[in-house]
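Here are the chains, one letter per residue:
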Amino acid sequence: MLRLERVKAIARPVLPPALVEQMRELRIQNERLKEENAWLRGQIKPQIIPPREWKLTAFECVFLGVMIQQPVATYEALLTTVYALEGREEPESMNVFSVRVCHMRRNLGSGLIARIGR
């Protein structure tokens, strides 16, 4: 077993010290940016706590908060914003999103109006 470790140590490529230092700095910067990104997402995430009678899911609460902040927006812009706030890379299909909005409309009654083409 000791021989195998020696062979691995000998076969390991040696990087220049400047490159090793640059990689270390980039890892530190990457971690700092991840923390900053998480903090910023928390700051822009709408803080809405609807009444229990509305029976909204967590997704619907985020969506409603985005709608309150941006009362006039395209469907695509709302879709992108909501999924970005949830930390997802790729949003669901437009059909799935539409179904979720229909469920929310049903729970809210006539409080949510879509004006298509305006």
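Look up: the structure comes first, before these words.
Overview of the structure. All of these numbers come straight from a predicted model, not from anything done at the bench.

1. Comments concerning the nonpolar core
Core analysis: the largest hydrophobic core is formed by 16 residues, its most contacted members being Phe59, Phe63, Val66, Val82 and Phe97. If you list the elements that add at least two residues to this core, you get helix 3 (58–69), helix 4 (75–85) and helix 5 (94–108). At 7 residues, the largest contribution of residues to this core is made by helix 3.

2. A closer look at helix 5
For helix 5, which comprises 15 residues, the first-to-last C-alpha distance of 21 Å matches the rise-based estimate of 21 Å (1.5 Å per residue) to within 8%. Buried residues of helix 5: Phe97, Val101 and Met104, and no others. All buried residues of helix 5 fall inside an arc of 60 degrees around its axis, so they share one side. Exposed residues pointing more than 90 degrees away from the buried face of helix 5 are listed as Asn95 and Arg106. The secondary structure elements touched by the buried residues of helix 5 are helix 3 and helix 4. Of the residues flanking the end of helix 5, it is Gly109, one or two places downstream, whose phi is positive at about 80 degrees.

Definitions and cut-offs
Numbering of residues begins from 1 in every chain and follows the order in which that chain's sequence is written. Where totals are concerned, whole chains, interfaces and linings use all residues; where local detail is concerned, this predicted model gives features only for residues with pLDDT of at least 70, and gives and counts side-chain atom pairs only at 80 or more. Hydrogens and waters are ignored; side-chain quantities use all the structure's heavy atoms. What is meant by a nonpolar core is a set of buried Ala, Val, Leu, Ile, Met, Phe, Trp, Tyr and Cys residues, joined one to another through side-chain atoms within 4.5 Å. For each residue, the accessible area found with a 1.4 Å probe, counting protein chains only, is set against the maximum for its type, and the residue is called buried under 20%, exposed over 50%, and partly exposed in between. Strands here mean DSSP runs of E at least two residues long; helices mean DSSP runs of H or I at least four residues long; both are numbered from the N terminus. A helix's residues, less one, multiplied by 1.5 Å, set its expected span. Directions are taken from the helix axis to each C-beta atom, and the arc is the one they span. Only heavy atoms matter for contacts: two residues are in contact if any of them lie within 4.5 Å across the pair.

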